[in-house]
Amino acid sequence: QPQLVESGGGLVQPGGSLRLSCAASGFSFSINAMGWYRQAPGKERELVATIRNTGNTNYTDSVKGRFTISRDNAKNTVYLQMNNLKPEDTAVYYCNARLGYSDYEWDYWGQGTQVTVSS
């Protein structure tokens, strides 16, 4: 079954950088769009970035110019490079794969990795 495992989170000072990784298995990664979401305590889960199988990307406005999503199909891995981190970036970051079936779609999630931006 589809599985996603995030890694790379941690504690970083404002202005610092982190690179998150998501190792995927159990589905045709190379043809699937992937995404990163995040959720802070007491807040709704929000979409951060997406990447199509073609490499085309989209970002939420708050991270444009700071975050970069990428993928390595040979490794079945999607990355989120986060630069110039801000305290408001603090959240649990989740990797997402939306798989399409005959008459519905289903979201698969990793376990999440904590990113804390603090002085």
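As shown above, the structure is provided for reference.
Because the structure is a prediction, the values reported are computed rather than measured. (Residues numbered from 1 in each chain as written. Predicted model: local features only at pLDDT ≥ 70, side-chain atom pairs only at ≥ 80, totals over all residues. Heavy atoms only, no water.)

**Q** Describe the overall build of the protein chain, with residues and values.
**A** Summing up its helical and strand segments, the protein chain has zero helices and eleven strands in all. Each helix and strand of the protein chain, placed in order from N terminus to C terminus, yields the pattern β-β-β-β-β-β-β-β-β-β-β. Computed over C-alpha atoms, the radius of gyration of the protein chain comes to 14 Å, within 12% of the 14 Å expected from 2.2 N^0.38 for 119 residues, which places it in the range of a compact globule. Dimensions of the protein chain along its principal axes, counting C-alpha atoms only, are 45 × 30 × 25 Å. The burial tally for the protein chain puts 39% of its 119 residues in the buried class. The long-range fraction of contacts in the protein chain, counting pairs at least 24 apart against all pairs at least 6 apart in sequence, stands at 54%. (Helix = DSSP H or I, 4+ residues; strand = E, 2+ residues; numbered from the N terminus. Rg over C-alpha atoms; globule rule 2.2 N^0.38 Å. Buried < 20%, exposed > 50% of the residue type's maximum accessible area, 1.4 Å probe, protein only. Contact = heavy atoms within 4.5 Å.)

**Q** Any details on the state of the cysteines? Residues and values, ideally.
**A** As enumerated under the stated definition, the model contains one disulfide in all. Each sulfur in the disulfide pair Cys22 and Cys95 lies 2.1 Å from the other. Across the S-S bond of Cys22 and Cys95 the torsion is about -80°, and the bridge reads as left-handed. With a gap of 73 residues between them, Cys22 in strand β3 (residues 18-25) and Cys95 in strand β9 (residues 91-100) connect regions that are remote in the sequence. The exposure classification of Cys22 matches that of Cys95, with both residues buried. (Disulfide = S-S within 2.5 Å.)

**Q** Account for the environment of Ala49, naming residues and giving values.
**A** Here Ala49 lies in strand β5 (residues 46-51). Judged by its relative accessible area of 1%, Ala49 falls in the buried class. Put simply, Ala49 and Gln114 are 65 residues apart on the chain and 17 Å apart in space, counted from C-alpha to C-alpha.

**Q** Describe the pattern of salt bridges, with residues and values.
**A** Counted by the stated rule, this structure contains five salt bridges. A salt bridge links Glu46 to Arg38; its shortest N-O distance comes to 2.6 Å. The class of Glu46 is partly exposed, set by a relative accessible area of 31%. Note on Arg38: relative accessible area 6%, which makes it buried. Where Arg98 meets Asp107, a salt bridge forms, and the shortest distance between an N and an O atom there is 2.8 Å. Here Arg98 falls in the partly exposed class, since its relative accessible area comes to 41%. Linked through salt bridges whose partners overlap, the residues forming this network are Arg38, Glu46, Arg66 and Asp89. (Salt bridge = Lys/Arg side-chain N within 4 Å of Asp/Glu carboxyl O.)

**Q** I'd like to hear about the pairing of strand β4 (residues 34-39), residue by residue, with values.
**A** Side-chain positions along a regular strand alternate between the two faces of the sheet. Burial analysis of β4 places five of its six residues in the buried class, which makes it a mostly covered element. By the bridge criterion, five bridges tie β4 to β5 in an arrangement that is antiparallel. The residue of β5 that forms the bridge with Met34 is Ile51. Counting the residues between successive antiparallel strands, the hairpin from β4 to β5 contains six residues, one of them, Gly42, with a positive phi of roughly 75°. For β4 and β9, the ladder comprises six bridges, and the chain directions are antiparallel. Residue pairing across strands places Trp36 opposite Cys95, the latter belonging to β9. (Pairing = 2+ DSSP bridges.)

Function-wise, these values are silent; they only describe arrangement.
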